[in-house]
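Now for the letters of each chain:
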Amino acid sequence: MPAPIRLRELIRTIRTARTQAEEREMIQKECAAIRSSFREEDNTYRCRNVAKLLYMHMLGYPAHFGQLECLKLIASQKFTDKRIGYLGAMLLLDERQDVHLLMTNCIKNDLNHSTQYVQGLALCTLGCMGSSEMCRDLAGEVEKLLKTSNSYLRKKAALCAVHVIRKVPELMEMFLPATKNLLSEKNHGVLHTSVVLLTEMCERSPDMLAHFRKLVPQLVRILKNLIMSGYSPEHDVSGISDPFLQVRILRLLRILGKNDDDSSEAMNDILAQVATNTETSKNVGNAILYETVLTIMDIKSESGLRVLAINILGRFLLNNDKNIRYVALTSLLKTVQTDHNAVQRHRSTIVDCLKDLDVSIKRRAMELSFALVNGNNIRGMMKELLYFLDSCDPEFKADCASGVFLAAEKYAPSKRWHIDTIMRVLTTAGSYVRDDSVPNLIQLITNSVEMHAYTVQRLYKALLDDISQQPLVQVASWCIGEYGDLLVSGQCEEEEPIQVTEDEVLDVLEGLLVSNLSTPVTRGYSLTAIMKLSTRFSSVNRIKKVVSIYGSSIDVELQQRAVEYNALFKKYDHMRSALLERMPIMEKTASNGPTEIVQTNGETDPSVVETKHPPPVTQSTNQATDLLDLLGGNDMVPVIQTSVPTKPASAGGELLDLLGDLSLSGGPAPTPAPSVPTSQPPFLLDGLSSQPLFNDIAAAGIPPMTAYNKNGLKIDFTFERANPNPNIAVITINASNSTEADMTDFVFQAAVPKTFQLQLLSPSSNVVPALNQGTVTQVIRVLNPQKQQLRMRIKLTYTHRASSIQDLAEVNNFPPQSWQ
Amino acid sequence: MQFMLLFSRQGKLRLQKWYVPLSDKEKKKITRELVQTVLARKPKMCSFLEWRDLKIVYKRYASLYFCCATEGQDNELITLEIIHRYVELLDKYFGSVCELDIIFNFEKAYFILDEFLLGGEAQETSKKNVLKAIEQADLLQERVNSVVPVHGPTSTSLSL
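By convention here, each chain's residues receive numbers from 1 onward along its written sequence. Whichever chain is written first is A, and whichever ligand is written first is 1; the rest continue in order. Under the rules for a predicted model, residues below a pLDDT of 70 receive no local features and side-chain atom pairs below 80 are neither given nor counted, while totals for whole chains, interfaces and linings still include all residues. Side-chain numbers come from the whole structure's heavy atoms, not from hydrogens or water.

Residues and elements named next belong to chain B. Reading across from one edge, β2-β1-β5-β4-β3 is the order of the five strands in this open sheet, with antiparallel pairing throughout. Of all strands in the sheet, those with a lone pairing partner are β2 (13-18) and β3 (48-51), marking the two edges. Each neighbouring strand pair of the sheet contributes to a mean axis angle of 20 degrees, computed without reference to strand direction. Two strands are said to pair when DSSP picks up at least two bridges between them. Here a helix means four or more residues in a row that DSSP labels H or I, a strand means two or more in a row labelled E, and each is numbered from the N terminus. Examined bridge by bridge, strand β1 (residues 3-8) and strand β5 (residues 64-70) share six bridges and lie antiparallel to one another. Across the sheet, residue Met4 finds its bridge partner in β5, namely Cys68. Think of each axis as a best-fit line through the C-alpha atoms, taken over the contacting stretch in the case of a helix, with angles from 0 to 180 degrees between the N-to-C directions.

Moving on, we get to the interface of chain B and chain A. With 71 residues of chain B in contact, the opposing surface of chain A contributes 76 residues. For the pairing of chain B and chain A, the buried interface totals around 6,700 Å² over both sides, and the portion due to carbon and sulfur atoms is 56%. By definition here, a salt bridge exists when the distance from a side-chain nitrogen of Lys or Arg to a carboxyl oxygen of Asp or Glu is within 4 Å. Linking chain B with chain A are nine salt bridges, by the criterion used here. Close ionic contact of B:Asp138 with A:Arg83 constitutes a salt bridge, the shortest N to O distance being 2.8 Å. Pairs of N or O atoms are called polar contacts if they sit within 3.5 Å, as long as, within protein, a hydrogen donor faces a hydrogen acceptor (for residues adjacent in sequence, only side-chain-to-side-chain pairs). One can count 25 residue pairs in polar contact (both at pLDDT 80 or more) joining chain B with chain A. Elements that contribute at least two residues to the side of chain B that touches chain A include exactly β2, α1 (24-39), β3, α2 (76-94), α3 (99-104), α4 (106-116), β7 (121-122) and α5 (127-142) of chain B. When residues of the side of chain B that touches chain A are assigned to their parent elements, the largest contribution, 10 residues, is made by α5(B). We call two residues in contact when some of their heavy atoms are within 4.5 Å. Joining two parts hides part of their accessible area as seen by a 1.4 Å probe, and the buried area is that hidden amount summed over both.

This part covers the state of the cysteines. Residue and element names in this part refer to chain B. Disulfide assignment relies on a single distance test, namely cysteine sulfur atoms paired within 2.5 Å. Considering all chains together, one arrives at zero disulfides over all chains under this definition. Here Cys67 is not disulfide-linked; the sulfur of Cys68 is the nearest cysteine sulfur, at 6.9 Å. Working definition: with a 1.4 Å probe on protein chains only, accessible area under 20% of the residue-type maximum means buried, over 50% means exposed, and in between means partly exposed. With a relative accessible area of 0%, Cys67 lands in the buried category.

Along the chain, the position of A:Leu87 falls in helix α5 (residues 79-92). Classification of A:Leu87 by relative accessible area gives buried; the value is 1%. On a C-alpha basis, the gap between A:Leu87 and A:Cys124 in space is 9.8 Å, while along the polypeptide they are 37 residues apart. Look past the residues within four positions of A:Leu87 in its chain and what remains in contact with it is A:Leu54, B:Glu107, B:Tyr110 and B:Phe111.

Before going further, it helps to spend a moment on the packing of aromatic side chains. To describe a pair of aromatic rings, you give the distance between the ring centres and the angle between the ring planes. Only rings of Phe, Tyr and Trp enter the pairing, Trp through its six-membered ring, and a pair is recorded when the two centres are within 6.5 Å. The plane angle decides the type: under 30 degrees is stacked, over 60 is edge-to-face, the rest tilted. Inspection of the entire model under this criterion finds 14 aromatic pairs over all chains. Ring centres of B:Tyr93 and B:Phe94 lie 5.0 Å apart, and the angle between their planes is 85 degrees; this geometry places the pair in the edge-to-face category. B:Phe94 gets classed as buried once you look at its relative accessible area, which sits at 18%. We count a charge as sitting over a ring when the NZ of a lysine or the CZ of an arginine lies within 6 Å of the ring centre and within 35 degrees of the ring normal. Lying across the ring of A:Phe65, A:Arg35 places its NZ or CZ 4.2 Å from the centre.

Listed below in structure tokens is the structure:
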């Protein structure tokens, strides 16, 4: 039997293949040879064969038949065999296969081997891919090696211990004694890995954290030596001594100093020293400064130090290196809540970053800019942000538009400015504006009574130019329907009134009805607007004609409306003027729960808050049975969806459809999300509107989480406590779609155990656009009076690439803060 | 660090080191998607990107992309230094390393990586010490420490 071909030979041969098919053929041939060689239990060439197999595995071919061979190599006495064997184990085996457990004994023996390089291999493999069972069995050995005086092994044992702790946190205690004199080592490798180990222990256990606080002086000393000591060739990187160790120490100091005055005090000096003395011409110096800034901001540092930190970030913003600018923006975003004034000083630089070429930098700059907007700088900032909106990539437009609306609402210096700003957004980025902005804007316009004439005139003019942007068209239609009389009477004060006749207005609205560009929703808006004009215009006959035509429209929604409006003309004409009266001012605050709408034939009682009406009972019980089916068990209570999705097409046949247009939400403010603002549910308990736009979730204390991530659909939950009732957690789901096709008819349902109550509010839309171009957001409110651990079952249905997809999932990884 | 990938500009994988347990299928999927994402980046863009819930740090050296996936607290700038240190180690070991060296000696590239990082963290911050350890291990490999095979080659070392 000729010797199997050498590894390099094989690689050379395979690389000569000109097609995928040729390569596959070569590989198959070689695999067959290797397989028969394995069958013959050939000890001599096993190592070579496994090495070849690993190469083929990297090209993407299956190599599972080599798994046992790796074990045999590990058990061999030859160092070459062991080296390849362990490498093969790390590449081919993982803890899902039972085979890997067979390694345990070999590793145990090798951990006690007489040659340190063999021990090293064992430690490396265990620390890289050891399963919990293996870690449990071998923790004792690792602990022993952690106390050895051989620094080569000690440093590896420390990182191996980190892995053991990550896999089996209960074992952390056993490593405590060995940590006693880790920091007195001179060897930098041991120091570095020891600091990593200490960091891991402190992050996992508050007791450990308290215990290790006493190490702060020692850590400070080590850091000081690194900075003050002269050139050390062994650890020097561009003039800085062991930057890796410096960064890790700074990170550990951050954890130890957080919320602790004494520790923070003890490290103030060294932090100031590092911050001022570190050379910033190369990336490595900036890496240390970055870590220093993070530490300063997180501990209880004195204000002078904090200002120093923010100034460092400000300097970073001016750095030519885009990586540095990126980390600066990220850090400033984290600190903008706590050190707002300091960050304000760098506002102009941040705004300049909006023009950066890099997408990540632009996004961060945008978020930060919104966070910095206040009453004083609103005009200037808005100019910049609107300019950004004009020129930015589509992926930003939705977020930017929402941000502009929010900022405008909070800080608008005048009503006219506000309306102008809205107009600008609608005309430039109108198609990217979120669906829920439309009702918010309508409410805003309604409440700016003195601006009605101006608004409707401007909207009308915008419609004449462009009817493709649906949100603009919808708002414009609504306004024309409401204030058409002001439009034709030419009453505008703010600007030159335009001359327009009733017929021209009706032409425009009818144009919307027939245009291919109009969505069904838009058509609904314009038909209703036409109807409303019947009490404001004199050309009632024309309107009657239009309405009767659409009585036989194919679109069910339009047909229904037209039929009802027809009925209004024929049988209820005496009520028509009352029904189609001007809308009253809408209250911004909302009440505690779904309020009863006084059902007076479509007009609401002005004193009652406009909210969504509860859906017909049949709809919710259908959903309930669906969930009960899928849940099977008895412990889950199905959610009652209290509001229909935003599309105005409701199942009810009443004239309440007039209100359905508005998809009203009581308060326009969003629930905070890391980067995507969504609209506030109508049922605010505190009645207060806005919260900070990009509320740092860390400040709110509850980290966001990914609840579901499968087949390209990812659902993130972000949390917030509802004021003033701490038993209610408000969860905002963000559904995003990374596949190349849209997910339509997307429905999210959730169920929780009996002790909870859950309220699911309407989603922002039911289409999750492809390639993460946007998200569907929906708000869930969970009442948890017994403070039990939150669990949830979710059901997702959507249509993707013409097939209907349903999926169930359990969400159990809620952070404790969300239900405690 | 959760994983490190090395791939060419055509998207061919040259090295993959995983520090988290994932099935082969998941690894392939992640690799495919991430490689696509990184290769689509323009040269003027920064070295960091957010992908799923990870921070990806990548840098191109000649024809090879070095790509690391880090988590929340990790310092991106120092990760760039880690990548650079690994490249320096390869360079010193192979003498002006190029992609072909890593293709034909991939197992050595792994050995060097395993002396530098363990479980995703740096175990040795001195370049000299890492290279010394590799050197010693290579010598150990050369030495005969078991029975010379009967039908095998007559040289004392059985190379791959």
